[in-house]
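Coordinate analysis (summary)
Chain residues, written in single-letter form:
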Amino acid sequence: MSVEVIAIGGYQEVGKNMTAIRIGEDVVIFDMGIHLDRISMHEDTDIDRMHSLDLIERGVIPDDTLMKDVDGKVKGIVFSHGHLDHIGAVAKLAHRYDAPLFGTPYTAALIEKQIKGERKFKVTNPIKVLNPGSKIKLSKDITLEFVQSTHSIPQAVFPVLHTPEGVIVYALDFKFDNHQKVSPPPDYKRLKELGRKGVLALIVETTNAKNYDEVKTHSERIARNILEDVMRGPLHEKTGMIVTTFSSHVERVQAIADIAKKSHREIFFLGRSMERFCGIAQKLGILKLPKNASIYGSPKAVNRALMKADKDRANYLLVTTGHQGEPDALLPRIASNRTPFNIKKGDNVIISAPIIPNPTNAANRHIMERRLKLNGARIYPNAHVSGHAGREDHREFLRMIKPQHIIPAHGDLSMLSAYAELAEEEGYRIGYDIHILRNAQAQVFKS
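All figures in this text were calculated on a predicted structure; none of them were measured in a lab.

All right, on to the side chain of Arg313 then. Relative to the elements of secondary structure, Arg313 occurs in the loop between helix H9 (299-311) and strand E15 (316-320). A polar atom in the side chain of Arg313 sits 2.5 Å from the side chain of Asp310. Residues contacting Arg313, with those up to four places away along its chain left out, are Thr239, Gly240, Arg265, Phe341, Asn342, Lys344 and Asp347.

An α-helical turn contains 3.6 residues, so any two residues separated by three or four positions project in the same direction. Here helix H7 (residues 250-260) lies mainly inside the structure; eleven of its eleven residues are buried. Within the span of H7, buried status applies to Val250, Glu251, Arg252, Val253, Gln254, Ala255, Ile256, Ala257, Asp258, Ile259 and Ala260.

Bringing the packing of helix H12 (residues 391-401) against helix H13 (residues 413-425) into the picture now. Taken N-terminus to C-terminus, the directions of H12 and H13 make an angle of 50°; their axes are 10 Å apart at the nearest point. In terms of orientation, H12 and H13 fall into the oblique class. Crossing angle aside, the handedness with which H12 passes H13 is right-handed. Between H12, through Arg391, His394, Arg395 and Leu398, and H13, the contact on the second element is made entirely by Ala418, Tyr419, Leu422, Ala423 and Glu425. Grouping the constituent residues of the contact of H12 with H13 by class yields five nonpolar, one polar and three charged.

What follows deals with the sheet that holds strand E10 (residues 166-171). In space, the six strands of this open sheet follow the order E7-E8-E9-E10-E11-E18, with mixed pairing throughout. Of all strands in the sheet, those with a lone pairing partner are strand E7 (135-137) and strand E18 (405-409), marking the two edges. Neighbour-to-neighbour, the strand axes of the sheet open up by a mean angle of 15°, direction not taken into account. Taken together, the five bridges between E10 and strand E11 (residues 199-205) define a ladder with parallel strand orientation. Its bridge partner being in E11, Val167 is matched across the sheet by Val199. Those strands touched by H12 are strand E9 (157-163), E10, E11 and E18, and its axis lies near 165° from that of E11.

The mixed open sheet is built from seven strands, whose spatial order is E6-E5-E4-E3-E2-E1-E19. At either end of the open sheet lies a strand with only one pairing partner, and these are strand E6 (127-129) and strand E19 (442-445). When strand polarity is set aside, the average angle formed by the axes of neighbouring strands in this sheet is 20°. The sheet contact formed by strand E1 (residues 3-9) and strand E2 (residues 18-23) spans six bridges and is antiparallel. The residue of E2 that forms the bridge with Val5 is Ile21. Running over the sheet, helix H4 (residues 105-116) touches strand E5 (101-103) and E6 and is turned about 165° from E6.

Our next topic: the packing of H4 against helix H8 (residues 272-283). Where H4 meets H8, the closest approach of the two axes is 10 Å, and the angle between their N-to-C directions is 135°. Overall, the two elements H4 and H8 adopt an arrangement that is oblique. Judged by the twist between their axes, the crossing of H4 over H8 is right-handed. On the side of H4, the interface is formed by Tyr106, Ala109, Leu110 and Lys113, while H8 contributes Arg276, Phe277, Ile280 and Ala281. Tallied by class, the residues present in the contact of H4 with H8 amount to six nonpolar, no polar and two charged.

Let us now look at the nonpolar core. By size, the foremost hydrophobic cluster in this structure holds 64 residues, and its most contacted members are Ile29, Met32, Ile77 and Met231. Here this core takes six residues from H7, the largest share from any one element. Those residues in contact with Ile29 that lie beyond four places of it in its chain are Met18, Thr19, Ala20, Met67, Val74, Gly76, Ile77, Val78 and Tyr97.

Aromatic ring pairs are defined here through the distance separating the ring centres and the angle between the ring planes. Following the criterion strictly, the structure yields nine aromatic pairs and no others. Ring plane angle 40° and centroid distance 5.0 Å describe the contact between Phe268 and Tyr316, whose orientation is recorded as tilted. Here the residue Phe268 occupies a position in strand E13 (residues 266-270), and Tyr316 occupies one in strand E15, the gap between them amounting to 48 residues. Taken individually, Phe268 and Tyr316 each receive the classification buried, so the pair is uniform in this respect. Grouping aromatic residues by their ring pairs yields a cluster made of Phe158, Phe174, Phe176, Tyr188 and Phe397.

Chain-level statistics for the protein chain give a pLDDT mean of 94 and a share of 97% at 70 or above. In the predicted structure, residues 41-45 sits below a pLDDT of 50 and forms 26 contacts with residues beyond four places in sequence or in another chain.

Its place among the elements puts Val349 in strand E16 (residues 348-352). Looking at Val349, the relative accessible area reads 0%, which means it is buried. Spatially, the C-alpha atom of Val349 lies 8.3 Å from that of Leu372, the residues being 23 residues apart in sequence. When near neighbours in sequence (up to four residues on either side) are disregarded, Val349 contacts Ile242, Leu331, Ile343, Leu372, Ala377, Arg378, Ile379 and Tyr380.

Procedures and definitions
Residues numbered from 1 in each chain as written. Predicted model: local features only at pLDDT ≥ 70, side-chain atom pairs only at ≥ 80, totals over all residues. Heavy atoms only, no water. Helix = DSSP H or I, 4+ residues; strand = E, 2+ residues; numbered from the N terminus. Polar contact = N/O pair within 3.5 Å; in protein donor to acceptor, adjacent residues only side chain to side chain. Contact = heavy atoms within 4.5 Å. Buried < 20%, exposed > 50% of the residue type's maximum accessible area, 1.4 Å probe, protein only. Axes fitted to C-alpha atoms, helices over the stretch in contact; angles between N-to-C directions. Parallel < 35°, antiparallel > 145°, perpendicular 65-115°, else oblique. Left-handed = near helix turned anticlockwise from the far one by under 90°. Nonpolar A, V, L, I, M, F, W, Y, C, P; charged D, E, K, R; others polar. Pairing = 2+ DSSP bridges. Core = buried A, V, L, I, M, F, W, Y, C linked by side-chain atoms within 4.5 Å. Phe/Tyr/Trp six-rings, centres within 6.5 Å; stacked < 30°, edge-to-face > 60°. pLDDT = per-residue confidence, 0-100.

Written as structure tokens, this is what we have:
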């Protein structure tokens, strides 16, 4: 029985992740994501009314038309976590396959929300929930297992396929964090057990593979300490205060709320994606906001909250979207005086997010920060730690699961190559057991 790994998206860029695995006559698909950068899309962008073919042509979603030439029946579409570069295309592509969708409870809820917002296609695939640490049989020869992981979003997992030819581990995305409040540590014991059982192939993210300075990613505990130090002073000043972060980073949102709840300020979480990610997390009991916190997503509700805060800015903390400077997101609009809340001299703005590296983001963020400063704001940039594994985390991971073959993913060629160099240091060889694929290419492993 042969095993074929088909690279559909995410092998030439960071985003639009999608991979198919064919085991004999059965096929399993991992992720259906969007390429956030292609049309300057971030957390507040709406693609619900756009056609999939237009989005494929623009490079926004994976080109899965090659799946028509793949022999086999799709048994399941599996999602590793709920970020848009992994689930954002589900409503555009899933209806083409007669197969259920699998995710953890939080991921499944985000997928359901994504599908309900779709205006172009009718998606009727059943959504099945699988908890971390659980297994389900997809076919006679394939069992799916979710192994607990950690990332910058709750309930991220390593999806694992058990096949007659060996174990296949899908590791997009992860970090090794033992000190999160919202998520338990990764299941190291199970990963080592899989290594002893025999991992045929590892499909692995390369986000930080080129980052030679940050060899091991810091825990969210460090981010909490940074935020606590940075927020302590501004919380008690009689000035306006804004914090911006990833709305999907529920762990970070929880930290901000915990730090601010002891202050006199009322906390407003503002933005459509804040309502989506944090509202679902709160409903599932993952996010526990204090009594002095509220979430507002619709434009009217956001504007009412901003008007309230503008009149009495010393008694409110605004937590907003727009950390990349995306022109239509909330913080850039505040910086441009396009909302009822205007920045005044002495206001504090804390940016708990890095610049996602591309020229558009760098330019947008620079413009936003300059406007905030010109209006008199004091800025605390990059109160953040990464949600992705560092080089030494990757080295530790390889030693844990001991894969026979490695397929780097989730990056451009320079990132895939940097990961390949790291794997070579661990005794692997490019072209022999390290396989660098491009979108639409495949790698076959035969018995």
